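# Report on the structure
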Amino acid sequence: MQHPENDKQYKGLTVNEGVQNLPSVNPYATFKRKKRTLNAQEYFEGIRKGDISILGQAVTLVESSLAADQAIAQKVIEMCLPYAGNSIRLGITGVPGAGKSTFIEALGTELCKEGKHLAVLAIDPSSERSKGSILGDKTRMNELSTQANAFIRPSPSAGSLGGVARKTRETIVLCEAAGFDTILVETVGVGQSETAAHSMVDYFLLLQVTGTGDELQGIKRGIMEMADGIAINKCDGNNIERARAARVSFRNALMLFPPSESGWKPDAICCSSIDHSGVMDVWQNVEDYIAFTKKNGYFEHHRTEQAKYWMYETINAELLNGFYRDEEMERLIQRAEEQVLNNELSSFIAANRLLDAYAKKKQ
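So, here's what we can say about the structure. (Residues numbered from 1 in each chain as written. Predicted model: local features only at pLDDT ≥ 70, side-chain atom pairs only at ≥ 80, totals over all residues. Heavy atoms only, no water.)

## Focus: the environment of S347
Rules: For helices the rule is a DSSP run of H or I covering at least 4 residues; for strands it is a run of E covering at least 2, with both sets numbered from the N terminus onward. Relative accessible area decides the class of each residue, using a 1.4 Å probe on protein chains only: under 20% of the type maximum gives buried, over 50% gives exposed, and in between gives partly exposed.
Inspection of the secondary structure assignment puts S347 in helix α14 (residues 347-361). Residue S347 is classed as partly exposed on the basis of its relative accessible area, which comes to 46%. C-alpha separation for the pair S347 and A336, spaced eleven residues apart in sequence, amounts to 8.8 Å.

Next up, the structure:
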């Protein structure tokens, strides 16, 4: 475009031409191509090769609630099963503030130095209101996350039993097929429902900390009976004497319990996640337990019982999903809920009628 202002008669005045036809898209921008969807065979081959990226994608499939994702996930799990089971599965629970994540990083770092391939399945608590989860364990384990032979997977508990994601057991199978020989499962905290965590690991560790008054207060007997060992964390600085006193208290308490089915006698061990002292003593206790239970046959028996337990748990979960996701049942449930709220029906009668209606649908 010619500007009249550029005529020679207008001295000292010049108008630039400007930029013509500006591009609608930034030519310097880079775009990521959408990842190609893999089939079950490709997932399996990637997992067997130890491809961490493909393993992570497969775990996402396992955790997905979409029917299409679940169909692929179950095929992958079935293909991986023959290559699973060759790891030590360690479950770690403890009171809030016991330093579970710090302990796992300390132990995991030491195990990686010894050449072990470590998978950490850290279960983050989900909000009951928003159903969201912070998933911050990977950010807390800075040193461990840089190890080449470590895989850290935070997963939301999604309100499942004991704070353990219902799919964690299937994730263990995938990790073992990928070549990880040590699996650490961190649970949300202490509670009766930690039975879910106990039912998927070989050794169940209770992490405890001193300085909370009565060290045994608030620890349920059921948790103490499930524990194959107790680690008293934060045994450092001015806390060493209190930690040692707590160890005596826990050892005395453990002596009062009846013998475990495995025949193993749990012990209490002091350790510090900060300076890593005593951490490998805890691991030695784990290895001693594995050797002891393999020798007396309990190790295989325990894993067989776990497989049976999770078969029934899966049945229960699928029945619940089928009941609540059925469109006709959704309408009946809504109607029954209104009747209960209006005192037209009791809760028990409403529940029985809904179950009867569902049973007739399936006949």
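## Focus: the pattern of salt bridges
To be explicit about the condition: By salt bridge we mean one thing: a side-chain nitrogen of Lys or Arg within 4 Å of a carboxyl oxygen of Asp or Glu.
Applying the stated criterion across every chain, the model contains eleven salt bridges. The salt bridge partner of E176 is R89, with a shortest N-O separation of 2.8 Å. Residue E176 is located in helix α7 (residues 168-177), and its partner R89 is located in strand β1 (residues 88-94); the two are separated by 87 residues in the primary sequence. Neither residue differs from the other here; E176 and R89 are each classed as buried. In this structure, R244 and E241 form a salt bridge, with 3.5 Å as the shortest nitrogen-oxygen distance. One end of the pair is R244 and the other is E241, both in helix α10 (residues 240-255) and three residues apart, which spans about a single turn. Look at E241 and you get exposed, because its relative accessible area is 55%. Connected via shared salt-bridge partners are D326, E328 and K361.

## Thoughts on the packing of aromatic side chains
Applied cut-off: Note on aromatic pairs: the rings of Phe, Tyr and Trp (six-membered ring only in Trp) are paired at centre separations within 6.5 Å, and the planes decide the class, stacked below 30 degrees, edge-to-face beyond 60, tilted for the rest.
Applying the stated criterion to the full structure yields eight aromatic pairs. Between F44 and Y83, the aromatic rings sit 5.8 Å apart at their centres with planes inclined by 45 degrees, giving tilted as the arrangement. Here F44 is found in helix α1 (residues 40-48), whereas its partner Y83 is found in the loop between α3 (67-80) and β1, with 39 residues between them in sequence. An angle of 90 degrees between the planes, with centres 5.0 Å apart, marks the rings of F323 and Y324 as edge-to-face.

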